[in-house]
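Summary of structural features
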Amino acid sequence: DAKTTQPPSMDCAEGRAANLPCNHSTISGNEYVYWYRQIHSQGPQYIIHGLKNNETNEMASLIITEDRKSSTLILPHATLRDTAVYYCIVRVAGGTYKYIFGTGTRLKVLA
Amino acid sequence: NAGVTQTPKFQVLKTGQSMTLQCAQDMNHEYMSWYRQDPGMGLRLIHYSVGAGITDQGEVPNGYNVSRSTTEDFPLRLLSAAPSQTSVYFCASSPDFLGTEAFFGQGTRLTVV
């Protein structure tokens, strides 16, 4: 599975969009990009995933570049409850089942 | 629908003791896994299972055993606890590996003294 690189921390004003970048320059054609978040010390929570097209759900949008070497998670209107560690993961859809987590981005939403 | 349930939530062990961390899911998921998270770090995969009777090692399997006799349960056994195993342990399950999401339990905080 490809390795990901994320900034260690980011701040965002409440009500503004939070844009969290992720580099995955060695991603393979059959690897999906997943985003999870972890609030305090709770279990990670799924946010969104995609292969090559941009994706949107009720929580966030995922923008994947055309070459798939990077992606951005967008929280359109960040709230204080979005303060968490956000993990970008790439994994193969098939073969062995495993997510490899990095250290993520600690997002702090400021009032 | 309880999702993924881990027990206990907290545990203190003495060095050398053994114990089993329980994980159960009621979603009929084939895929289950165990992670540990040390302070300030991401999750590291210990063991995983792709179905009843099938398990495999992850990144940090030493000192841990698993078995998967039923679809619902995936216990993690510490054979002889060491202080280095002080961590928060998370269990996760997923319906299949075809790009679907994983569901995580709320964690077991283990301290080995």
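Description of the structure in this document. (Residues numbered from 1 in each chain as written. Chains lettered and ligands numbered in written order. Predicted model: local features only at pLDDT ≥ 70, side-chain atom pairs only at ≥ 80, totals over all residues. Heavy atoms only, no water.)

Considerations on the pattern of salt bridges
Applying the stated criterion across every chain yields a total of 3 salt bridges over all chains. Here A:Asp82 and A:Arg37 are joined by a salt bridge, their closest N and O atoms 2.8 Å apart. In this pair, A:Asp82 sits in the loop between strand S7 (70–75) and strand S8 (84–92) while A:Arg37 sits in strand S3 (residues 31–38), placing the two residues 45 residues apart along the sequence. A:Arg37 carries the same exposure label as A:Asp82, and that label is buried. Close ionic contact of B:Asp38 with B:Arg44 constitutes a salt bridge, the shortest N to O distance being 2.5 Å. Classification of B:Asp38 as buried rests on a relative accessible area of 12%. Residue B:Arg44 is classed as partly exposed on the basis of its relative accessible area of 28%. Residues joined in a network through salt bridges with shared partners are B:Arg36, B:Asp38 and B:Arg44. (Salt bridge = Lys/Arg side-chain N within 4 Å of Asp/Glu carboxyl O. Helix = DSSP H or I, 4+ residues; strand = E, 2+ residues; numbered from the N terminus. Buried < 20%, exposed > 50% of the residue type's maximum accessible area, 1.4 Å probe, protein only.)

A word on the side chain of B:Asp38
Residues and elements named next belong to chain B. Along the polypeptide, Asp 38 turns up in the loop between strand S4 (31–37) and strand S5 (43–51). A polar atom in the side chain of Asp 38 sits 2.5 Å from the side chain of Arg 44. In this view, Asp 38 contacts Arg 44, Thr 86 and Ser 87; residues no more than four positions away in its chain are not counted. (Polar contact = N/O pair within 3.5 Å; in protein donor to acceptor, adjacent residues only side chain to side chain. Contact = heavy atoms within 4.5 Å.)

A few points about the environment of A:Tyr36
Take A:Tyr36: it is sitting in strand S3. Relative accessible area serves as the criterion here: at 0%, A:Tyr36 is assigned to the buried category. Separated by 49 residues in sequence, A:Tyr36 and A:Val85 place their C-alpha atoms 8.4 Å apart. There is a polar contact of 2.7 Å between the side chain of A:Tyr36 and the backbone nitrogen of B:Ala102.

With respect to the nonpolar core
Residue and element names in this part refer to chain A. One finds Trp 35, Leu 73, Tyr 86 and Leu 107 to be the most contacted residues of the largest nonpolar core, which totals 22 residues. Taken together, the elements giving at least two residues each to this core come down to strand S2 (18–23), S3, strand S4 (45–50), strand S6 (61–64), S7, S8 and strand S9 (105–110). For Leu 107, the residues in contact, after removing those within four places along its chain, are Met 10, Asp 11, Cys 12, Ala 18, Leu 20, Leu 75, Asp 82, Thr 83, Ala 84 and Tyr 86. (Core = buried A, V, L, I, M, F, W, Y, C linked by side-chain atoms within 4.5 Å.)

Quick look at the packing of aromatic side chains
All names here are of chain A. Taken as a whole and judged by the stated rule, the model has 9 aromatic pairs over all chains. Taking the centre distance of 6.3 Å and the plane angle of 45 degrees together, the rings of Tyr 32 and Tyr 34 count as tilted. With a relative accessible area of 21%, Tyr 32 lands in the partly exposed category. Tyr 34 sits in the buried class, given a relative accessible area of 0%. Between Tyr 87 and Phe 101, the aromatic rings sit 5.2 Å apart at their centres with planes inclined by 80 degrees, giving edge-to-face as the arrangement. With Tyr 87 in strand S8 and Phe 101 in the loop between S8 and S9, this residue pair connects regions lying 14 residues apart in the sequence. (Phe/Tyr/Trp six-rings, centres within 6.5 Å; stacked < 30°, edge-to-face > 60°.)

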